[in-house]
Amino acid sequence: MANPAAALTALADPTRRAIFERLARSPSAVGDLAREFPVSRPAVSQHLKVLKSAGLVTDQAAGTRRVYSVDAVGVAAVREYFEQFWQQSLASFRTAASQPIQEET
């Protein structure tokens, strides 16, 4: 499961975020990702390691390659983190909207 703080830190890097967004479209192996980004294969591997440790991606062996994909459980944990703020905002709005309007005299 993702730690929201670790996930946000991992996604703060623009290249890492782009790799994550690419994996959201479809799973991919390191070599395929390296061909799509202006960074080396070892750099892509390092970015994937950070994303995996943050709980945002998972990998699976496919022959001699490892195929990475977005970890739905990790993304759900980050979504829940943000959902709490949305719920707090809605509750605050509900409270403010239920107050009687005070006319100025």
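That block above? That's the structure.
Residues numbered from 1 in each chain as written. Predicted model: local features only at pLDDT ≥ 70, side-chain atom pairs only at ≥ 80, totals over all residues. Heavy atoms only, no water.

A. Highlighting the sheet that holds strand β2 (residues 57-62). With respect to topology, 3 strands assemble into an open sheet ordered β1-β3-β2, the strand pairing being antiparallel. The sheet is open, and its two borders are formed by β1 (28-29) and β2, each paired with just one other strand. (Pairing = 2+ DSSP bridges. Helix = DSSP H or I, 4+ residues; strand = E, 2+ residues; numbered from the N terminus.)

B. Structural context of the packing of helix α1 (residues 4-11) against helix α5 (residues 72-97). It is the contact of α1 with α5, at a shortest axis distance of 9 Å, that shows an interaxial angle of 105°. Regarding the angle of α1 to α5, the classification is roughly perpendicular. For the pair α1 and α5, the contacting residues are Pro 4, Ala 7 and Leu 8 in the first and Ala 77, Val 78, Tyr 81 and Phe 82 in the second. In terms of residue class, the contact of α1 with α5 is made up of 7 nonpolar, no polar and no charged. (Axes fitted to C-alpha atoms, helices over the stretch in contact; angles between N-to-C directions. Parallel < 35°, antiparallel > 145°, perpendicular 65-115°, else oblique. Contact = heavy atoms within 4.5 Å. Nonpolar A, V, L, I, M, F, W, Y, C, P; charged D, E, K, R; others polar.)

C. The packing of helix α2 (residues 14-25) against helix α4 (residues 41-53), seen in detail. Relative orientation of the contacting elements α2 and α4 amounts to 75°, with a least axis distance of 10 Å. With respect to their mutual orientation, α2 and α4 come out roughly perpendicular. Along its contact with α2, which presents Thr 15, Arg 16, Ile 19, Phe 20 and Leu 23, the element α4 presents Val 44, His 47, Leu 48, Val 50 and Leu 51. Taken together, the residues of the contact of α2 with α4 sort by class into 7 nonpolar, 2 polar and 1 charged.

D. Region of interest: a nonpolar patch on the surface. Judged by side-chain polarity, Leu 8, Phe 82 and Phe 85 come together as a nonpolar surface patch covering roughly 260 Å² of accessible area. In this fold, Phe 85 is placed in helix α5. Overall, Phe 85 belongs to the partly exposed group, its relative accessible area being 36%. (Patch = residues over 30% accessible without salt bridge, like charges linked within 9 Å, V, L, I, M, F, W, Y side chains within 5 Å. Areas by Shrake-Rupley, 256 points an atom, 1.4 Å probe, with all protein chains shown as cover. Salt bridge = Lys/Arg side-chain N within 4 Å of Asp/Glu carboxyl O. Buried < 20%, exposed > 50% of the residue type's maximum accessible area, 1.4 Å probe, protein only.)

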